[in-house]
Amino acid sequence: MTTRAFQKIYTKIENITKATVTLRAEGVGNDELATVGGKLAQVVKIMGENVTLQIFAGTEGLSTDSEVVFHGEPPKLRVSDNLAGRFFNAYGEPLEGGEIIEGEAREIGGPTVNPFRRKQPSELIATGIAGIDLNNTIVTGQKIPFFADPDQPYNAVMANVALRAKADKIILGGMGLTNDDFLYFKQVFENAGALDRIVSFVNTTENPPVERLLVPDMALTAAEYFAVDKGEKVLVLLTDMTLYADALAIVSNRMDQIPSKDSMPGSLYSDLAKIYEKAVQLPNGGSITIIAVTTLSGGDITHAIPDNTGYITEGQLFLRNDSDTGKVIVDPFRSLSRLKLASLKQQTLRTLTPVSALNAHLLRPDIEPDGSLRMADTDTYITDGIGHPKRKRSFL
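Reading the values: the criteria
- Residues numbered from 1 in each chain as written.
- Predicted model: local features only at pLDDT ≥ 70, side-chain atom pairs only at ≥ 80, totals over all residues.
- Heavy atoms only, no water.
- Salt bridge = Lys/Arg side-chain N within 4 Å of Asp/Glu carboxyl O.
- Helix = DSSP H or I, 4+ residues; strand = E, 2+ residues; numbered from the N terminus.
- Pairing = 2+ DSSP bridges.
- Polar contact = N/O pair within 3.5 Å; in protein donor to acceptor, adjacent residues only side chain to side chain.
- Contact = heavy atoms within 4.5 Å.
- Buried < 20%, exposed > 50% of the residue type's maximum accessible area, 1.4 Å probe, protein only.

*Asks:* Give me the lowdown on the pattern of salt bridges, citing residues and values where you can.
*Replies:* Evaluated as defined, the whole model comprises 14 salt bridges. In this structure, the salt-bridge partner of R320 is D331, at a minimum N-O distance of 3.2 Å. Pair noted here: R320 is in strand β20 (residues 315-321) and D331 is in the loop between β21 (328-330) and β22 (336-337), with a separation of 11 residues, a long-range link. By sharing partners, the salt bridges in this structure join E14, R24 and E49 into a single network.

*Asks:* Pulling in residues and values, what's your account of the pairing of strand β5 (residues 33-36)?
*Replies:* Relative to strand β6 (residues 39-47), β5 runs antiparallel, the two sharing four bridges. Counterpart to L33 in the pairing with β6 is Q42. Turn length for the β5-β6 hairpin, with the two strands adjacent in sequence and antiparallel, is two residues, and the turn residue G37 shows positive phi of about 60°. Of the pairings in the sheet, the one linking β5 to strand β8 (residues 68-70) comprises three bridges and is antiparallel in character. By the bridge assignment, A34 is partnered in β8 with F70.

*Asks:* Outline the side chain of K143, listing residues and values.
*Replies:* Looking at where K143 falls in the secondary structure, it is placed in strand β14 (residues 143-148). A distance of 2.9 Å separates a polar atom in the side chain of K143 from a polar atom in the side chain of E314. Discounting residues that sit within four places of it in the chain, K143 has contacts with Y276, E277, A279, I290, I312, T313 and E314.

*Asks:* Please give an account of the pairing of strand β17 (residues 233-239) that cites residues and values.
*Replies:* Counting buried positions along β17 yields six of seven residues, so the element is predominantly enclosed. As paired strands, strand β15 (residues 169-177) and β17 are joined by six bridges and run parallel to one another. In the strand pairing of β17, K169 is matched with V234.

*Asks:* An account of the environment of N284 is needed here, citing residue identities and associated values.
*Replies:* Structurally, N284 is set in the loop between β18 (280-281) and β19 (287-295). Classification of N284 by relative accessible area gives partly exposed; the value is 44%. C-alpha of N284 to C-alpha of R118: the two residues are 166 residues apart in sequence and 9.9 Å apart in space. Residues in contact with N284, not counting those within four places in the same chain, are A227, V228 and G231. One polar contact links the side chain of N284 to the main-chain carbonyl oxygen of V228, over a distance of 3.3 Å. In terms of polar contacts, N284 uses its side chain to reach the backbone amide nitrogen of G286, at 2.9 Å.

Structure below.
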């Protein structure tokens, strides 16, 4: 071992797999970054003096005498108001050139907010989609995924929801995006004049799959800056969490770990939970709302990825192709928002969009066509078989 500019340098690698290398080293910390033969890596396992490094770009071209340089710190993101309107890669580096962000460097992947410091989510997020606003209301501080087939336009649905939501900042975490999807997000946000409140971290199909593991933590670190430090309402879009889980499986399998259900790592639940549990409503008015996409293989919701996701999140929104209209809609029968009752208050009904308000009026006689609630009548209604309203129970 030699030392260069206060960095530890090793030149003897004991084991090389397709995604990792193992060597003997001292004074190394978990998640610490390193460079192996010029390739960026991260510490994923420490057993005594044996340190295993995950190589983001793969181990092709490395040898047992490749130079290993430890950086002495985990991945960090520089945060400031200048993040808005910028696109970054999985390492937090600006895409397509641009100035380097100057600001405080914060470690990614930190702990979630203490439950004692949280506030009960209750503020409606109006999306303009009747299947969500009326049947499965989303509130700030909620975590909820779209379950969709790979051939459905789930990214277009998410982009529309984000632009209609009254969020101060929108953080996009794209994992395994095609170039077409990346350009779609960029053009949609630009055409809507919303680039000044968009922050994007993108891993495309041309980038190494393992890099996807950094994207959610980068996106959520930026979200925490705007929500906690600035008191802003932040909407985080994560797509596609199935590709994120696939990257976890790649690393797990190449480390010769015993796989769990559907060849996923045994830590899948914890890996997903540490991301989704970052959703929070803060007392200062700031919030982090997470809307993700989980693509289904053949519509199989029993697969380990959607199965674990359903236990962690506060509901799920299913997309399906409507045979009558030929459009993709939110399935009202399979979808569920477990926090929808938290938003059933007078002030939330007044925030419905005109289209949703009109639909609400047709379903509930006590709601005016403009979305307002008649103060003299606060009972909920159901309809009988021929569409006549029947009084059910009072909710105020």
